[in-house]
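Residue-level structure breakdown
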Amino acid sequence: MSRQMTGAKMIVQALKDQGVDTVFGYPGGAVLPIYDEIFLQNDIRHYLVRHEQGAVHAAEGYARSTGKPGVVLVTSGPGATNAVTGLTDALLDSIPLVVLTGQVPTFMIGNDAFQEADTVGITRPCTKHNWLVRDTANLSGTIHEAFHVAMSGRPGPVLVDIPKDVQFASAPYTAPEDMPVSHYSPKTVGDAERVEQLVDLIERAERPVFYTGGGVINSGRAACDSLRELVDGTGFPITSTLLGLGAYPANGKRWLGMLGMHGLYEANLAMHGCDLMIAVGARFDDRITGRVQDFSPKSAKVHIDIDPSSINKVIHVDVPIIGDVGTVLDQALALWKSRGSKTQSDAVTRWWHQIGDWRKVDCLAYTDNPKTIRPQHAISRLEALTRDHPDRYITTEVGQHQMWAAQYLGFNEPHRLMTSGGLGTMGYGFPASIGVQVAHPDALVINVAGDASWLMNMQELGTAAQYRLPVKQFILNNERLGMVRQWQELLHGERYSHSWSESQPDFAKLAEAFGAHGIYCDDPADLDDAIMEMINCDGPVLFECVVEKHENCFPMIPSGEPHNKMLLGENASTADAIGTSGAVLV
Amino acid sequence: MSPLKIKKGTTKHSAYDLRDPHAEAQERHTLAVVVDNEAGVLARVIGLFSGRGYNIESLTVAETDHEGHLSRITVVTTGTPSVIEQIKAQLGRIVPVHEVHDLTVEGPSVERELALFKVTGQGEQRIEALRLAEIFRANVVDSTLASFIFEMTGTSEKIDAFADLMRPLGLVELARTGAAALSRGAE
């Protein structure tokens, strides 16, 4: 039986039927009918952010930490354009979002009306798909389809643009169960012959490595479990991209640490020297591969991915397997076990000895400074004091601190690290931490931040205070744009063009002004107590951790170099390390 | 030590196996893309090509299935084999795209383009233009004492050739539809 209702009511009903209980948004003229309906019900909780970009990042944090789609509601024009950065971020990191935007009434579209923007035109390249709904009769069906598209195949953000007259008009409501089958249904089962080739390679490889990415986490808990079973069963080493951290536990026996530009020495050398690379839900990003021509030159490469366009995009692979990571891993596991669970165990043991030698380099070692807090030390202490917390979630901003967080924090479970990997969006971490805390009210949610990134979306302190969300902002303050400064030092003759902040706020007073708790620490001796004070505070905390200003993030593969040409910390000579051809790369 | 050999499969259907992925030669491919006939779908396809830096040599689009709300876009593009494979994969993941066919590799196909030529001239030139049009089986669809409009259907190469001949004979304007193509045979 179809029920007649207004478009605005339909939107709220469709969200409820899709299992949505949380919406991040900001009202405005073109969405007032929807806000009216939200006012009249209690099933969906709306969180008022302070800027639409914050709403999208909060929804990303919510989505990443739960595996459910994040939902955003913003108005037309500036509301929609402010959401663009978040949409692009979610597209690059494959985060499922459903963003609803208001639009001027259909009869005014194209007239440059007040707060009109061509939202579907602007967001076409930064969404997985988008829709402009011109008729209330299609509204509920479009929203259900939007959820289907956001969550199917490789997840991503979708946007539904809804003119105000469509919100006022009435039409019959279509329930999700009455929807026709969508033609959009990406292939999930891997080609059996390809899986057999993979298993055959697993049985014969002497220097194998698993290279895993965010696709494993996106595929779900079952995929992570299958990955763990296959890795532990074969005894093969495993490394992961930034977005894949936690799919295999950091305290697991086979874990090498993160790979890539600021990845661990042993992980990158294992990638360079392997004879079998099994890429799982990862996309050979330039931050991973370094110089493409010299990327892992001697290996047979297998690539499992649900997105056919990821295959052979950057690196040619020998065995592409298109399908859902979890499903394909299960196929491979079943076949490998049925053939007797064979590996070249002697050779693999020798491979581990080789990796052990690389590990002895101890690439993350640093010397403590008794007078100044070194950022690596700050993160290490954070890890030591929060590692055993039963429910810890980490978000990060973008820059040096992000890489230190990835290097020095251990993630033993998926969905525990929320960070902007693909787009590298400064200002991501704070609103994302709000989204995570909303989804997990009792968890310890820490945003590891740098001062410059954090200030980009600091207005969300109002949101955290309003909803009493006890997010911990752990800000490493070096009064610099640290990563920019590092590149200027290495690549641009130490000309520090506009990479420092002349005027910094008093973060503790800023916290106080918003009704949050401020902590200041600049002495290594006080650091542990200060971190404990942050953890034990039951409200939002702004922790200003003053750190060494000129620290560089190592290891580092300079731009345009292959994996085996890493710069290491402390003793590394950085003079003339990067050729001019590398300087043109970002 | 010797590199790991990949076990040979018994089927050879994957498009990834068809051509040398490292070849640098530019190839010209005709792609047929079946899409939902909805607002913005052409913008999605064109935006993909411009956003990712692919070439479009020609593009035609029209609704081909009114009942099913389907349109067919025929794109002629150039690129190295790996770029062509990327283009197909990227097209395939656009949500309203139903099918992507590479008519250049999927077997024999017919490709036709329609063109209109406006040729102005007097005396001998005019007679020569008309004579060549007959040889090329171009139809006269408009005529004045000082001009002709010829209509011609054929491969893009044939249209190029006719245009080259008409240029010294007074070709003043040329309109081309871009290629439409279908695979040969019953399927």
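This structure is a prediction, so every number in the text was calculated from the model and none was measured.

Here we take up the overall build of chain A. Scanning chain A from N- to C-terminus turns up 24 helices and 20 strands. For a compact globule of 586 residues, the expected C-alpha radius of gyration is about 25 Å, and chain A comes in at 24 Å, within 12% of that figure. Expressed along its principal axes, the backbone C-alpha trace of chain A runs to roughly 70 × 60 × 45 Å. A total of 586 residues make up chain A; the buried ones form 56% of that total. For chain A, contacts bridging at least 24 residues in sequence account for 77% of all contacts bridging at least 6.

In this section: the sheet that holds strand β13 (residues 300-305) of chain A. All names here are of chain A. The parallel open sheet is built from six strands, whose spatial order is β11-β10-β9-β12-β13-β14. Looking along the sheet, the strands with just one partner apiece sit at the ends: β11 (255-258) and β14 (319-322). The average angle at which neighbouring strand axes cross in this sheet is 15°, direction not considered. Pairing geometry for strand β10 (residues 238-240) and β11, over two bridges, is parallel. Bridge pairing in β11 links serine 240 to methionine 258. Set on the sheet, helix α12 (residues 265-273) makes contact with β9 (208-212), β10, β11 and β12 (276-280); between it and β11 the angle comes to about 105°.

With that settled, consider the interface of chain B and chain A. Listed by partner, the interface residues are 25 residues for chain B and 28 residues for chain A. Counting residues per element, the ones that place at least two in the side of chain B that touches chain A are α1 (41-51) and α2 (81-92) of chain B. Tallying contributions element by element places α2(B) first for the side of chain B that touches chain A, with six residues. In terms of residue class, the side of chain B that touches chain A is built from nine nonpolar, twelve polar and four charged.

Further remarks concern the sheet that holds strand β19 (residues 517-521) of chain A. Pairing between the strands of a sheet comes from backbone hydrogen bonds, and it takes one of two forms, parallel or antiparallel. Residue and element names in this part refer to chain A. On the basis of which strands lie adjacent, the open sheet formed by six strands has the order β16-β15-β17-β18-β20-β19 and parallel pairing. One side of each edge strand has no neighbouring strand; the edge strands of this open sheet are β16 (417-418) and β19. Both β19 and strand β20 (residues 541-546) contribute to a ladder of five bridges, which runs parallel. Each bridged residue has a counterpart across the sheet, and for isoleucine 519 the counterpart in β20 is phenylalanine 543. With respect to the sheet, helix α23 (residues 527-536) is in contact with β17 (444-450), β18 (472-477), β19 and β20, its orientation differing from that of β19 by roughly 170°.

As a measure of interface size, the accessible area lost when the parts come together is often cited. Residues and elements named next belong to chain B. You can read the domains of chain B as domain 1 (27-102) and domain 2 (109-183). A C-alpha centroid distance of 28 Å is found between domain 1 and domain 2. Domain 1 puts seven residues into the contact, and the matching count from domain 2 is six residues. Elements supplying a minimum of two residues to the side of domain 1 that touches domain 2: β1 (27-36), β2 (58-65) and β3 (70-79). Of all the elements, β2 adds the most residues to the side of domain 1 that touches domain 2, at three residues. Residues that form the side of domain 1 that touches domain 2 fall into these classes: three nonpolar, four polar and no charged.

In this section: the confidence of the model for chain B. All names here are of chain B. On average, residues of chain B score 91 in pLDDT, and 91% of them are at 70 or above. Predicted confidence is poor over residues 11-16, with pLDDT under 50, and the contacts of this stretch with residues over four places away or in other chains come to six contacts. Confidence metrics for the complex model read pTM 0.94 and ipTM 0.90.

Looking now at the nonpolar core. One recurring pattern in soluble globular proteins: nonpolar side chains tend to sit buried together. The biggest cluster of nonpolar side chains holds 194 residues, and the ones touching the most others in it are A:Ile11, A:Ala59, A:Val72, A:Leu97, A:Leu227, A:Val302 and A:Cys545. Looking at this core, you find at least three residues from each of domain 1 (27-102) and domain 2 (109-183) of chain B. Apart from residues lying up to four places away in sequence, A:Val72 is in contact with A:Phe24, A:Gly25, A:Ala55, A:Val56, A:Ala59, A:Ala83, A:Leu97, A:Val99 and A:Leu100.

This next bit is on the pairing of β12(A). The side chains of a regular strand alternate, residue by residue, between the two faces of the sheet. Residue and element names in this part refer to chain A. Most of β12 is tucked away, with five of its five residues classed as buried. Here β12 shows two buried faces, one formed by Leu276, Ile278 and Val280 and the other by Met277 and Ala279. Sheet analysis places β9 next to β12, joined by five bridges and oriented parallel. Within β12, the position partnered with phenylalanine 210 by the bridge is isoleucine 278.

Below, the discussion takes up the environment of A:Val216. Residue and element names in this part refer to chain A. Position of valine 216 among the secondary structure elements: in helix α10 (residues 214-219). Looking at valine 216, the number of C-beta atoms within 10 Å reads 29, which means it is buried. When the C-alpha positions of valine 216 and serine 499 are compared, they lie 36 Å apart, and in sequence the two are 283 residues distant. Ignoring any residue separated from it by four or fewer positions in sequence, one finds valine 216 in contact with Ala223, Cys224, Leu227, Gly244, Ala247, Val280, Gly281 and Val325.

Its location among the elements puts A:Tyr520 in strand β19. Each C-alpha atom of the pair A:Tyr520 and A:Val546 lies 7.8 Å from the other, and the pair is 26 residues apart in sequence.

Residues and elements named next belong to chain A. Look at helix α1 (residues 7-17) against helix α2 (residues 32-39): their axes get within 8 Å of each other, and the N-to-C directions meet at 55°. Considered as vectors, α1 and α2 are oriented oblique to each other. In this structure, α1 crosses over α2, and the sense of that crossing is right-handed. Along its contact with α1, which presents Ala8, Lys9, Ile11 and Val12, the element α2 presents Pro33, Ile34, Asp36, Glu37 and Ile38. In terms of residue class, the contact of α1 with α2 is made up of six nonpolar, no polar and three charged.

The rules we used
- Residues numbered from 1 in each chain as written.
- Chains lettered and ligands numbered in written order.
- Predicted model: local features only at pLDDT ≥ 70, side-chain atom pairs only at ≥ 80, totals over all residues.
- Helix = DSSP H or I, 4+ residues; strand = E, 2+ residues; numbered from the N terminus.
- Rg over C-alpha atoms; globule rule 2.2 N^0.38 Å.
- Buried ≥ 20, exposed ≤ 12 C-beta atoms within 10 Å, placed from the backbone.
- Contact = placed C-beta atoms within 7 Å.
- Pairing = 2+ DSSP bridges.
- Axes fitted to C-alpha atoms, helices over the stretch in contact; angles between N-to-C directions.
- Nonpolar A, V, L, I, M, F, W, Y, C, P; charged D, E, K, R; others polar.
- Domains from an automatic or database assignment.
- pLDDT = per-residue confidence, 0-100.
- Core = buried A, V, L, I, M, F, W, Y, C linked by C-beta atoms within 7 Å.
- Parallel < 35°, antiparallel > 145°, perpendicular 65-115°, else oblique.
- Left-handed = near helix turned anticlockwise from the far one by under 90°.

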